[in-house]
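# Descriptive structure summary
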Amino acid sequence: MFIGIDTTYLGNEIPGLNGKKVRIFAVLRGGLRPDADPDSNDYYADTDEKLARLGGVTAEDRIDAAPVNWNGSTSFVHVDPRAIDLECFAHLKKPRGE
């Protein structure tokens, strides 16, 4: 299960967010590919069931996430980090040289 979990942002693409906790709202399937189609029915996977049907999270995906506030609520501002920049998906990052 990934939708709705909290994880840590480990990247540097979004200034000021490194090391902060974020909550996952959806996976933007293929969001890093130049041919990504945000209007496709399979682009926005907002349930674990839909995500599983689509084959899970890949290194080509972005994540719809929001920073978690000190009281456990989330910011109204959402961000779309690369999946590999979140602690729970860091294993998808290819080692240098591959």
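Anything mentioned here points back to the structure above.
Structural notes, computed from the coordinates. All residue numbers refer to positions counted from 1 along the written sequence of the respective chain. Only residues with pLDDT of at least 70 are given local features in this predicted model, and only at 80 or more are side-chain atom pairs given and counted; all residues enter the totals for whole chains, interfaces and linings. Based on all heavy atoms of the structure, the side-chain values leave hydrogens and waters out of the count.

## So, the packing of aromatic side chains
What counts here: Ring geometry is summarised as follows: Phe, Tyr and Trp rings, the Trp one being its six-membered ring, pair when their centres sit within 6.5 Å, and such pairs are stacked at plane angles under 30 degrees, edge-to-face over 60 and tilted between the two. Put simply, DSSP H or I for four residues or longer makes a helix, DSSP E for two residues or longer makes a strand, and each gets a number counted from the N terminus.
A complete count under the given rule lists one aromatic pair for this structure. With centroids separated by 4.8 Å and ring planes inclined at 50°, the aromatic side chains of F2 and F89 adopt a geometry described as tilted. Placement of F2 in the segment before β1 (6–8) and of F89 in the segment after β4 (62–67) is noted, with a sequence separation of 87 residues between them.

## Observations concerning the side chain of D64
Put simply, the rule is: Only protein chains enter the accessibility calculation, which uses a 1.4 Å probe; a residue whose area is less than 20% of its type maximum is buried, one above 50% is exposed, and one in between is partly exposed. Only four residue types enter the charge count, namely Lys and Arg as positive and Asp and Glu as negative; His and the chain termini do not. Each salt bridge in this description consists of a side-chain nitrogen of Lys or Arg and a carboxyl oxygen of Asp or Glu lying within 4 Å of one another. Under the rule applied, a polar contact is a pair of N or O atoms within 3.5 Å (in protein, one hydrogen donor and one hydrogen acceptor; residues adjacent in sequence only if both atoms are side-chain atoms). Here a residue-residue contact requires only that any non-hydrogen atoms of the pair lie within 4.5 Å.
Within the secondary structure, D64 sits in strand β4. The side chain of D64 sits in the buried core without any salt bridge; R62 is the nearest counter-charge, 11 Å away. A distance of 2.7 Å separates the side chain of D64 from the side chain of H78, its partner in a polar contact. In contact with D64, not counting residues within four places along its chain, are R23, I24, F25, A26, L28, Y44, H78 and V79.

## Re the environment of S75
Of note, S75 is situated in the segment after β4. The exposure class of S75 is buried, given its relative accessible area of 17%. For S75 and R23, which are 52 residues apart along the polypeptide, the C-alpha to C-alpha distance reads 9.5 Å. Once residues within four sequence positions are removed from consideration, S75 is found in contact with A66, P67 and N69. At 3.0 Å, the side chain of S75 and the backbone nitrogen of V77 are in polar contact.

## Brief notes about the environment of A52
If you trace the backbone, A52 turns up in helix α1 (residues 48–53). Residue class for A52 comes out exposed when judged on its relative accessible area of 57%. Counting along the chain gives 51 residues from A52 to M1, while the straight-line C-alpha distance between them is 9.2 Å.

## So, the pairing of strand β2 (residues 21–28)
Convention followed: Strands are labelled as partners when DSSP assigns at least two bridges between them.
Here β2 lies mainly inside the structure; six of its eight residues are buried. Here three bridges tie β1 to β2, and the two strands are oriented antiparallel to one another. For T8, the partnering residue across the bridge sits in β2 and is K21. Alignment of β2 against β4, held across six bridges, turns out to be antiparallel. Along β4, the bridge assignment pairs I24 with A65. With two bridges connecting them, β2 and strand β3 (residues 44–45) associate as antiparallel partners. Looking at β3, one finds that V27 is bridged to A45.

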